[in-house]
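Secondary and tertiary structure notes
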Amino acid sequence: MANESGNRARPALGQSVWGDLVTVGRAVGRAMRVSFVNLLRKPVTVHYPDVKRAYPDRFRGVLALTYDKETGEENCIGCRLCEYVCPPQVIKVEMLKAEKRNYAKTFTLELYACEFCELCVQVCPTDAIIMTKSFDLATADRRELLLDKDRLHAIGQEFEPSWAVGTGLRAMQAPAKAARAEGAHAKAEGPEE
Ligand code: SF4
Ligand code: SF4
């Protein structure tokens, strides 16, 4: 039977057994065709964690503490700037005063409540706290995400650091030296008459 636009109207489901069989058969055929096409396509997924994709250059993941590459000393001087700046207050640092420099006596980071805002990295004067190219700390036990100093250093040793560290980020955001010098010069000369 033709409808108003002249096309043959399909019988509604349940009106005829043969009609229903043809409709279902067509639907199954279409679904099988999609499955078959996908079977021959190159997979877009990988077998994680056996296979890992390369992280993008600017990936910033789990936080870590670093050692000085030349001296092997801890970079953290216990200044607590990261603790002050952290919005959810998940960092706690105790400073250990020493003769030549200070250290962090204790350093804890509650990763389960971290916002990954990177502010702690941006303010760190010694690039002691960094972000790494990993997100892989999934666990069913929240206590494992309360990271102490040793664990943070171990993460820093295990994973590749992110490109962004405090000194680099601050240098990027600072006005260019020439512009700063020009500004200072103009200030010293005072307003023109
Ligand atoms: S990334 Fe942000 S929320 Fe996480 S510890 Fe650093 S300052 Fe705190
Ligand atoms: S990680 Fe950096 S900002 Fe935080 S206490 Fe250590 S030196 Fe200071």
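Look up: the structure comes first, before these words.
Residues numbered from 1 in each chain as written. Chains lettered and ligands numbered in written order. Predicted model: local features only at pLDDT ≥ 70, side-chain atom pairs only at ≥ 80, totals over all residues. Heavy atoms only, no water.

Strand order in the open sheet formed by three strands is S2-S3-S5, and the pairing between neighbours is antiparallel. Only two strands of the sheet have a single neighbouring strand rather than two, namely strand S2 (91-96) and strand S5 (146-147). Where S2 meets strand S3 (residues 103-110), six bridges bridge the pair, whose relative direction is antiparallel. For Glu-94, the partnering residue across the bridge sits in S3 and is Thr-106. Contacting S3 and S5, helix H4 (residues 149-158) crosses the sheet at an angle of about 80° to S3. (Pairing = 2+ DSSP bridges. Helix = DSSP H or I, 4+ residues; strand = E, 2+ residues; numbered from the N terminus. Contact = heavy atoms within 4.5 Å. Axes fitted to C-alpha atoms, helices over the stretch in contact; angles between N-to-C directions.)

Turning next to unusual backbone geometry. In this model, Tyr-48 is joined to Pro-49 through a cis peptide bond whose omega is 10°. Among the structural elements, Pro-49 can be located in the loop between helix H1 (17-40) and strand S1 (63-65). Phi is positive for Phe-116, close to 55°, though the residue is something other than glycine. One can find Phe-116 in the loop between S3 and helix H3 (119-123). Note on Phe-116: relative accessible area 37%, which makes it partly exposed. (Buried < 20%, exposed > 50% of the residue type's maximum accessible area, 1.4 Å probe, protein only.)

On their own, these measurements won't tell you what the molecule is for.
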